[in-house]
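What follows is each chain in one-letter form.
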Amino acid sequence: MKYFRPALLAIAITMLSVLHPTHVSGGVVVFDTMQFESFTAFDSPGNKAQIAFGTMVTFPTADVGTASWYDGTAEQTIYWGRRDVYVENNNATGNVDVNPDNSGYFTITSGSNASFVVRLTYAQSNETSGSPLDISGLDDLLFTYLAFDQNIDLKLALTDASNTIAEATYNPFTEGSRLSLTGMTNWASLDKTQIKQIELTFLTNGSGFGGDVEIQSGTGMAFASALPTGTVPEPAQTGLLVVASGLLAAFSRIRRMNQRNSP
């Protein structure tokens, strides 16, 4: 069992970096659960968008419409800070549904002719423990997804305490689920120890096409250091690491008990 000790230590360090994400240099920083279960201050000018079944925002009319709301009344439901959502349907013949699929996934579906924008803004938490995010040493964006239509782009914008904004647009269908941050505009001048806002925008990059996005809940998105695939735990592996560390700890306790009881 002595050979398990380095592995157990590595797992413990990794889990600490995930569970305490505000001061990390290296490792993985998860900043989102992708779940929403409540709406506050829902607004849609002209009532062009509606809330259906309590968890879905839809544009049922033939008119172009927008909608915005504060997502989640309890800040602890979102892993880092608060999230504000803005949805825009730019095609009168299409529709956009924003549905968490029973709180398991954040899902965007659109009609065949819809052109749309869904923007998620994560603000610094008002909680006493809330502080700007430290992503120094982390220069990749990781996320796990079940579906990501090729006609949907992902735009990422990071704002630091001095209001410097770094931006980049990616196409996960062609680039995969590990996206480099180093090519973002203003990346070099961004204060990576003082990130106060994260903005993710999903948008169609062509007209006349629908799209579907399903980001996995709880382990969906994270910042990580740019190392070869397999050397940094992907967000989806977090649950497996918890189970593995628990088993290794249990084996270690059994070994110590056997040593004490042996003649």
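Here's a quick rundown of the structure. (Residues numbered from 1 in each chain as written. Predicted model: local features only at pLDDT ≥ 70, side-chain atom pairs only at ≥ 80, totals over all residues. Heavy atoms only, no water.)

**Structural notes on the sheet that holds strand β17 (residues 221–224)**
Here comes step 1: In spatial order, the strands read β1-β17-β10-β14; together these 4 strands make up an open sheet with antiparallel pairing. Looking at strand neighbours, the two that pair on one side only are β1 (28–32) and β14 (178–180), the edges of this open sheet. Strand-to-strand twist in this sheet, taken as the mean axis angle between neighbours without regard to direction, amounts to 25°.
Here comes step 2: Taken together, the 4 bridges between strand β10 (residues 140–143) and β17 define a ladder with antiparallel strand orientation. The partner of D140 across the bridge, within β17, is A224. (Pairing = 2+ DSSP bridges. Helix = DSSP H or I, 4+ residues; strand = E, 2+ residues; numbered from the N terminus. Axes fitted to C-alpha atoms, helices over the stretch in contact; angles between N-to-C directions.)

**Focus on unusual backbone geometry**
Here comes step 1: A positive phi angle is found at N47, which is not glycine, with a value near 55°.
Here comes step 2: With respect to the helices and strands, the residue N47 is situated in the loop between β2 (39–43) and β3 (50–52).
Here comes step 3: Although it is not a glycine, N186 adopts a positive phi angle of roughly 65°.

**Notes on the pattern of salt bridges**
Here comes step 1: Per the counting criterion, the structure on display carries 3 salt bridges.
Here comes step 2: Among the ionic pairs, R119 bridges to E199, the shortest N-O distance being 3.9 Å. Placement of the pair is R119 in strand β9 (residues 116–123) and E199 in strand β15 (residues 195–204), with a sequence separation of 80 residues.
Here comes step 3: Of the residues examined, E199 reaches a relative accessible area of 23% and is grouped as partly exposed.
Here comes step 4: Across the salt bridge formed by R178 and D140, the nearest N and O atoms sit 3.0 Å from each other. You can see R178 sitting in strand β14 and its partner D140 sitting in strand β10, a full 38 residues away along the chain. Each member of the pair, R178 as well as D140, carries the same accessibility label: buried. (Salt bridge = Lys/Arg side-chain N within 4 Å of Asp/Glu carboxyl O. Buried < 20%, exposed > 50% of the residue type's maximum accessible area, 1.4 Å probe, protein only.)

**Digging into the packing of aromatic side chains**
Here comes step 1: Under the criterion given, the structure shown has 7 aromatic pairs.
Here comes step 2: Aromatic pair F31 and Y122: ring centres 5.7 Å apart, planes at 85°, arrangement edge-to-face. One end of the pair, F31, is in strand β1; the other, Y122, is in strand β9, with 91 residues separating them in the sequence. As far as burial versus exposure is concerned, F31 and Y122 are alike and both buried.
Here comes step 3: With centroids separated by 6.2 Å and ring planes inclined at 45°, the aromatic side chains of F148 and F202 adopt a geometry described as tilted. (Phe/Tyr/Trp six-rings, centres within 6.5 Å; stacked < 30°, edge-to-face > 60°.)

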